[in-house]
Amino acid sequence: MINRVLIRLKIIQIVYAYYQNGSKNLDASEKELFFSLSKAYDLYNYLLLLIVAVTNYAQKRMDAAKSKLAPTPEELAPNTKFVENKFAAQLEVNKLLADFVANQKRSWSNDEDFVKGLYEQILASDIYKEYMASPESSYEDDRELWRKLYKTFIYNNEDLDTLLEDQSLYWNDDKFIVDTFVLKTIKRFDEKNGANQPLLPEFKDEEDQEFARRLFRRTILNSDYYRHLISENTRNWDLERVAFMDVVIMQCALAEILSFPNIPVSVSLNEYVDIAKVYSTPKSGSFVNGTLDGIVNQLKKDGKLTKN
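We now turn to the structure provided with this report. (Residues numbered from 1 in each chain as written. Predicted model: local features only at pLDDT ≥ 70, side-chain atom pairs only at ≥ 80, totals over all residues. Heavy atoms only, no water.)

## Describing the pattern of salt bridges
Let me state the cut-off plainly: We define a salt bridge as a side-chain nitrogen of Lys or Arg found within 4 Å of a carboxyl oxygen belonging to Asp or Glu. Counting from the N terminus, the helices are DSSP H or I runs at least four residues long and the strands are E runs at least two residues long.
Enumeration according to the criterion identifies 18 salt bridges in this entry. Put simply, K86 and D142 hold a salt bridge, and the shortest N to O gap is 3.8 Å. Of this pair, K86 sits in helix α4 (residues 86-92) while D142 sits in helix α8 (residues 139-154), and the two are 56 residues apart along the sequence. By sharing partners, the salt bridges in this structure join D27, E30, E210, R213 and R217 into a single network.

Structure below.
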């Protein structure tokens with residue numbers, strides 16, 4: 001699940017903290033990097049559990065309505081289509097998700113107010129109303145319902161973002177990336193897999209783990225050389241006046257460009273310019289792009305840049 005977009009972002013965060021905290025312990029910072037990546041994987045599982053939590057809350061509400069002193073006919077014989085959603089039921093018994101709950105001891109039980117609010121938003125939506133009114137009932141329809149609900153109510157939810165940030169500092173910037181993996185997971189679920197439906201693995205393969213380790217170490221260990229290149233290409237600027245985040249982003253970018261011959265320069269440039277646009281100053285995107293472009297051209301001219 002952890003892709004290179006997230007790896008790059010986490011490395012920049014850890015490298016920035018490494019310098020800001022005056023740390024010189026490379027091994028400790030590397031451990032922090034991989035712990036931070038593991039927390040992103042926890043968030044992926046936790047957001048999948050939210051679907052189960054909302055479904056269970058709906059069942060709880062339905063049971064409470066039936067137990068009233070004077071329930072209405074609708075409350076005594078409710079439409080159970082939502083609470084019997086086949087996709088949500090399959091997710092609830094998923095063995096890998098059950099392992100996550102057992103190991104991490106995480107659930108949404110302490111945030112029932114949020115779950116309640118989310119359910120009420122869903123209840124009032126046209127997506128929900130159309131689903132409940134449809135005479136069709138299939139696994140595909142049930143899975144598609146949750147894809148739409150997730151994209152509409154969970155994907156961009158400021159209240160949820162705040163709640164998650166309060167629970168873990170590591171989740172501050174992860175959700176917008178992790179959301180894409182949750183949606184991908186929903187689309188991949190297959191009814192015939194039952195409780196053994198595979199979730200996305202933490203890392204796609206060992207190569208991505210090695211990419212993270214190598215990029216982080218090269219960024220730190222070769223920092224003097226990378227900063228020299230940056231300084232040489234920003235002669236009209238005092239490097240001390242350049243936003244420190246810009247320096248860190250360019251340092252990581254140069255580590256990738258010079259250490260991974262199989263990654264095209266254009267891919268690396270685009271990734272780090274995008275990070276600069278979001279995580280640094282308003283002018284950082286164009287500044288980082290222009291500076292790195294100048295460095296790359298000079299390295300090519302000097303025969304110091306080799307790409308497969």
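And the narrative resumes.
## Describing the packing of helix α1 (residues 4-20) against helix α11 (residues 206-221)
Applicable threshold: Lines fitted to the C-alpha atoms define the axes, with helices restricted to the stretch that makes contact. Angles between their N-to-C directions range from 0 to 180 degrees. The labels follow the angle: roughly parallel below 35 degrees, roughly antiparallel above 145, roughly perpendicular from 65 to 115, and oblique for the rest. Crossing chirality is assigned from the near helix's rotation relative to the far helix, an anticlockwise turn below a right angle marking it left-handed and a clockwise turn marking it right-handed. We call two residues contacting when some pair of their heavy atoms lies within 4.5 Å. Each residue is assigned to one of three groups, with Ala, Val, Leu, Ile, Met, Phe, Trp, Tyr, Cys and Pro labelled nonpolar, Asp, Glu, Lys and Arg labelled charged, and all others, Gly among them, labelled polar.
As a packed pair, α1 and α11 sit with axes 10 Å apart at the nearest point and diverge in direction by 30°. By the angle class used here, α1 and α11 are roughly parallel. The two elements α1 and α11 cross, and the hand of that crossing is right-handed. Touching R4, I7, R8, I11, I14, V15, Y18 and Y19 of α1 are E207, D208, F211, A212, L215, F216, T219 and I220, all from α11. Here the contact of α1 with α11 is built from residues that sort into 11 nonpolar, 1 polar and 4 charged.

## Let's talk about the nonpolar core
Threshold: By convention a nonpolar core is built from buried Ala, Val, Leu, Ile, Met, Phe, Trp, Tyr and Cys residues, the set being connected through side-chain atoms within 4.5 Å. Burial classification: accessible surface area is computed with a 1.4 Å probe over protein chains only, and a residue below 20% of its type maximum counts as buried, one above 50% as exposed, and the rest as partly exposed.
Ranked by internal contacts, the top residues of the largest apolar core, which has 101 residues, are Y44, F82 and W108. Per element, the largest residue contribution to this core is 20 residues, and it comes from helix α2 (residues 26-66).

## A closer look at the environment of F82
By the element assignment, F82 lies in the loop between α3 (73-76) and α4. Classification of F82 as buried rests on a relative accessible area of 2%. Note: C-alpha distance between F82 and T55 (27 residues apart in sequence) is 7.3 Å. Not counting the four nearest positions on each side in its chain, F82 is found in contact with V54, T55, A58, Y119, I122, Y128, Y131, M132, L145, W146 and L149.

## Some words on a negative patch on the surface
Here is the rule we go by: Within the patch definition used here, like charges are joined within 9 Å and nonpolar side chains (Val, Leu, Ile, Met, Phe, Trp, Tyr) within 5 Å, considering only residues with over 30% relative accessible area and no salt bridge. A 1.4 Å probe and the Shrake-Rupley method give the accessible areas. Residues count as covered only by the protein chains that appear here. Here the positive residues are Lys and Arg and the negative ones are Asp and Glu; neither His nor the chain ends is included. Charged groups are reduced to one reference atom each: NZ for lysine, CZ for arginine, CG for aspartic acid, CD for glutamic acid.
A surface patch of like charges, here negative, comprises E136, E140, D141 and E191. Here E136 lies in the loop between α7 (126-133) and α8.

## A closer look at the environment of I249
Examined against the element boundaries, I249 turns out to sit in helix α13 (residues 244-259). For I249, a relative accessible area of 0% puts it in the buried group. Remark: the alpha-carbon pair of I249 and I11, spanning 238 residues in sequence, is separated by 9.4 Å. Discounting residues that sit within four places of it in the chain, I249 has contacts with I12, Y272, I275, A276, S280 and V288.

## Remarks on the packing of α8 against helix α10 (residues 175-188)
The axes of two packed helices give the description: the angle between them and the distance between them. Remark: α8 packs on α10, axes separated minimally by 9 Å, with the N-to-C direction vectors making an angle of 170°. Between α8 and α10, the angle is such that the two are roughly antiparallel. Touching R143, W146, R147, Y150, K151 and I154 of α8 are K175, D179, V182, L183, I186 and K187, all from α10. Its residues placed into classes, the contact of α8 with α10 shows 6 nonpolar, no polar and 6 charged.

## So, α2
Inclusion rule: What a helix is expected to span follows from its residue count: subtract one and scale by 1.5 Å.
Between its first and last C-alpha atoms α2 spans 60 Å; for 41 residues at 1.5 Å apiece the expected length is 60 Å, and the two agree. For α2, the tally of buried residues reaches 29 of 41 residues, placing the bulk of the element in the interior.

## What to know about the packing of aromatic side chains
Condition: Two aromatic rings, drawn from Phe, Tyr or Trp (for Trp, its six-membered ring), form a pair once their centres lie within 6.5 Å of each other, and the interplanar angle then sorts them: stacked below 30 degrees, edge-to-face above 60, tilted otherwise. We count a charge as sitting over a ring when the NZ of a lysine or the CZ of an arginine lies within 6 Å of the ring centre and within 35 degrees of the ring normal.
In this structure the tally under the stated criterion is 16 aromatic pairs. Relative to F244, the ring of Y19 lies with its centre 6.0 Å away and its plane at 80°, an arrangement referred to as edge-to-face. With a gap of 225 residues between them, Y19 in helix α1 and F244 in helix α13 connect regions that are remote in the sequence. Arranged with centres 5.7 Å apart and planes meeting at 70°, the rings of Y57 and Y119 form a pair that is edge-to-face. Here Y119 lies in helix α6 (residues 112-123) and Y57 lies in helix α2, a separation of 62 residues in the sequence. Through pairs of rings, three or more aromatic residues link up here, namely Y57, F82, Y119, Y128 and W146. The side chain of R106 reaches across the aromatic face of Y46, ending 5.4 Å from its centre.

## Things to note about the side chain of N45
On the secondary structure map, N45 appears in helix α2. Judged by relative accessible area, which is 3%, N45 ranks as buried. Discounting chain neighbours no more than four positions away, the residues touching N45 are L97, F100 and L199.

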